[in-house]
Amino acid sequence: MAGSKRTTKKTPVTKKSGTVNPPANPMWGGQFAHAPAEILSRINNSICFDQKLYRQDIQGSIAHARMLAKQKIITDGDAKAIVTGLKSILADIEAGKFTFREALEDIHMNIESALKDRIGSAAGRLHTARSRNDQVATDFRLYVRDAFDALDNALMALQKSLIARADEHYNSIMPGFTHLQAAQPVTFGHHLLAYVEMFGRDRSRVQDARKRLNESPLGAAALAGTSFPIDREFTSKELGFDRPMANSLDAVSDRDFALEYLSVVAICAVHLSRLAEEMVSWSSAQFGFIRFSDAFSTGSSIMPQKRNPDAAELVRGKSGRLFGNLVSLLTTMKALPLAYNKDMQEDKEPVFDTASNIMLCVQAMTGMVADMAVSKSAMLNAAGVAYANATDLADWLVRELKMPFRDAHHITAKLVKIASGKSKSLEQLSLADMQSVESRIRKDVYSVLSVADSVKSRKSYGGTAPDNVKKAAANAKKRFLS
């Protein structure tokens, strides 16, 4: 276990059985004469992962100590010693000078034990009017709140990069696809702005879930509250929460905030994976739309010509891992009775893993968006294939000949068939060819059949016309970056 050290102590051996009977954990009180079985210690201990909560644990303990002093439950002198001691522990942890001990089970006991070593018996007053149940619920909420804030900032940076590239390519024409078949031409800027909208919804979910999270469990104690005259409004405000949670049972047993975090991230991972998939395709020789520099490409150990988009593939691949973390915690929580159950110790590793991996994915994607070199010519050439302007011809028939769209659709399909049989594009058909299907077609039909004209005509709100895209990029800056 990195950063931790197993402490060993000589303990008596029972001659009859040959089993070891070390002393009980002092934090458990006098009921226990001996330590638990070694296998119980291994499954019960969480310090190997919940040490990540050290900052939040100390933050919550400082607020609790100040509240106890304010309410005259402990003396000002004891509170001052506790706060000073906790700050010194924080400094040592961040400097890498603190040893986490497995024998002390979790982050709470490790910090409390260290505090006792530093300030003596006053440390024992810190746990007045609280339990590890409301303590861990508070720590975990603070951690997830920080994770939400970090994700929001990272997604905004990704949006900034996408908007900048969209503004740069507001009139760069590419094929738009349905069923991965060329459908209608669009601009590359328009395509990138679609992801700006997706990540904007992700940020909206982040902000919405953060509001629901922002209630304080501290003071709920084990499950029923406390008989001490505590001030939960004070600790709530000290920790930046909007209010205390209204029900003590709910306060210690709720993990909706963690589930919402994992859910928000899972949806975000879908969007990242979709963009990653397109980058993988676009960077292939078959598309050739984009190229990554050496900074975001890898090579092959056997094929010297290869440039692999591994970063994009890993972003795509990690989505499955992030989905799994959500399902893991949903499954853990689905049948737990109120209030706290030790099963809930399994809530942290999925969240910790998700927090680190989603940040890695978002930051990698931000880097790839900025790094990619875009081939306008390759995209433009691809936009003109597979009769992507067929809808423009149908629209012209409706607009100019007052034809019902279904009739126009039928006529256009016939013209596509003729063009395909002659290995020509629609704009390469002669006027005579067109009039053989519909005699009223005029030569001005060719004015709508170029790829550029097709894109330029899509002026409806939210459409791909370059002027629209330019305005949409400017509007996106105001909506998402200000």
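Residues numbered from 1 in each chain as written. Predicted model: local features only at pLDDT ≥ 70, side-chain atom pairs only at ≥ 80, totals over all residues. Heavy atoms only, no water.

S.K.: Before we go on, may I ask you to explain the overall build of the protein chain in this structure?
M.R.: What the protein chain contains, in helices and strands, is 18 helices and eight strands. Scaling as 2.2 N^0.38, a compact globule of 482 residues should have a C-alpha radius of gyration of about 23 Å, whereas the protein chain reaches 31 Å, well beyond that. Across its three principal directions, the C-alpha atoms of the protein chain cover 105 × 55 × 40 Å. Evaluated residue by residue, the protein chain yields a buried proportion of 47% over its 482 residues. When contacts within the protein chain are restricted to residue pairs at least 6 apart in sequence, those whose partners lie at least 24 apart make up 73%. Total accessible area on the protein chain stands at roughly 23,800 Å², and carbon and sulfur atoms take up 53% of it. Once the 64 positive and 52 negative side-chain charges of the protein chain are each reduced to a mean point, those two points are 2 Å apart. (Helix = DSSP H or I, 4+ residues; strand = E, 2+ residues; numbered from the N terminus. Rg over C-alpha atoms; globule rule 2.2 N^0.38 Å. Buried < 20%, exposed > 50% of the residue type's maximum accessible area, 1.4 Å probe, protein only. Contact = heavy atoms within 4.5 Å. Areas by Shrake-Rupley, 256 points an atom, 1.4 Å probe, with all protein chains shown as cover. Lys, Arg positive; Asp, Glu negative; His and termini not counted. Charge placed at Lys NZ, Arg CZ, Asp CG, Glu CD.)

S.K.: What's the story with the packing of aromatic side chains in this structure? I'm lost.
M.R.: Each aromatic ring pair is characterised by the separation of its centres together with the angle its planes make. Inspection of every chain in the model, using the stated rule, returns nine aromatic pairs. Between Phe 148 and Tyr 261 the ring centres are 5.2 Å apart and the planes differ by 85°, which places this aromatic pair in the edge-to-face class. With Phe 148 in helix α6 (residues 132-168) and Tyr 261 in helix α10 (residues 256-282), the pair connects residues that are 113 residues apart, well separated along the chain. Three or more aromatic residues joined by ring pairs form one cluster here, namely Phe 140, Tyr 143, Phe 257 and Phe 352. Residue placement shows Lys 470 over the ring face of Tyr 170; its charged tip is 4.7 Å from the ring centre. (Phe/Tyr/Trp six-rings, centres within 6.5 Å; stacked < 30°, edge-to-face > 60°. Lys NZ or Arg CZ within 6 Å of the ring centre and 35° of its normal.)

S.K.: Any chance you could explain unusual backbone geometry here in plain terms?
M.R.: Leaving glycine out, the prevailing phi sign among residues is negative, and the prevailing peptide bond configuration is trans. At the junction of Leu 338 and Ala 339, the peptide bond is cis and its omega measures out at 5° in the coordinates. Although it is not a glycine, Tyr 387 sits at a positive phi angle of roughly 55°. Residue placement: Tyr 387 occurs in the loop between α13 (376-383) and α14 (390-401). A positive phi angle, close to 55°, is found at Ser 423, a residue other than glycine. Counting through the fold element by element, Ser 423 comes out in the loop between α15 (405-421) and α16 (431-435).

S.K.: What's the story with a nonpolar patch on the surface in this structure? I'm lost.
M.R.: Taken together, Ile 39, Leu 40 and Ile 43 make up a surface patch of nonpolar side chains, about 320 Å² in accessible area. Examined against the element boundaries, Leu 40 turns out to sit in helix α1 (residues 38-44). (Patch = residues over 30% accessible without salt bridge, like charges linked within 9 Å, V, L, I, M, F, W, Y side chains within 5 Å. Salt bridge = Lys/Arg side-chain N within 4 Å of Asp/Glu carboxyl O.)

S.K.: How do you make sense of the environment of Asn 341 when you look at a structure like this?
M.R.: Secondary-structure assignment places Asn 341 in the loop between α11 (310-333) and α12 (348-371). The buried category is assigned to Asn 341, whose relative accessible area is 18%. For Asn 341 and Glu 427, which are 86 residues apart along the polypeptide, the C-alpha to C-alpha distance reads 70 Å. Looking at Asn 341, its side chain comes within polar contact range of the main-chain oxygen of Pro 337, at 2.7 Å. (Polar contact = N/O pair within 3.5 Å; in protein donor to acceptor, adjacent residues only side chain to side chain.)

S.K.: Can you walk me through the nonpolar core in this structure?
M.R.: Within soluble globular proteins, side chains that are nonpolar tend to cluster in buried spots. Ranked by size, the top nonpolar core spans 97 residues in total, and within it Tyr 261, Leu 272, Met 279, Ile 358 and Met 365 carry the most contacts. Per element, the largest residue contribution to this core is 16 residues, and it comes from α10. If we ignore the near neighbours within four places in the chain, the residues touching Tyr 261 are Val 144, Ala 147, Phe 148, Val 351, Thr 354, Ala 355 and Ile 358. (Core = buried A, V, L, I, M, F, W, Y, C linked by side-chain atoms within 4.5 Å.)

S.K.: Before we go on, may I ask you to explain the side chain of Arg 255 in this structure?
M.R.: The topology assignment puts Arg 255 in the loop between α9 (248-253) and α10. Here the side chain of Arg 255 touches Asp 347 through a polar contact of 2.6 Å, side chain to side chain. Sequence-distant contacts of Arg 255, that is, excluding residues within four places in its chain, are made with Val 136, Ala 137, Phe 140, Met 333, Tyr 340, Met 344 and Asp 347.

S.K.: How do you make sense of the pairing of strand β4 (residues 181-187) when you look at a structure like this?
M.R.: Regular strands show a simple pattern: their side chains alternate between the two faces of the sheet. Bridge analysis of strand β3 (residues 173-178) against β4 gives six bridges, and the strand direction is antiparallel. Looking at the pairing, Gly 176 lines up with Gln 184 of β4. Counting the residues in the hairpin turn of β3 and β4 gives two residues, including His 179, whose phi is positive at 55°. (Pairing = 2+ DSSP bridges.)

S.K.: How do you make sense of the side chain of Arg 165 when you look at a structure like this?
M.R.: Along the chain, Arg 165 turns up in helix α6. Within the local environment of Arg 165, its side chain forms a polar contact with the backbone oxygen of Val 369, the two atoms lying 2.8 Å apart. The contacts of Arg 165, once residues within four sequence positions are left out, are Leu 192, Val 369, Ala 370, Asp 371, Met 372 and Val 374.

S.K.: Sorry if this is basic, but what is going on with the packing of α10 against α11 here?
M.R.: Think of two packed helices as two axes; the pair is described by the angle between the axes and how far apart they sit. At a minimum axis separation of 8 Å, α10 and α11 run at an interaxial angle of 160°. Between α10 and α11, the crossing angle belongs to the class labelled roughly antiparallel. The element α10 and its partner α11 pack so that their crossing is left-handed. Residues that form the contact of α10 with α11 fall into these classes: 18 nonpolar, four polar and three charged. (Axes fitted to C-alpha atoms, helices over the stretch in contact; angles between N-to-C directions. Parallel < 35°, antiparallel > 145°, perpendicular 65-115°, else oblique. Left-handed = near helix turned anticlockwise from the far one by under 90°. Nonpolar A, V, L, I, M, F, W, Y, C, P; charged D, E, K, R; others polar.)

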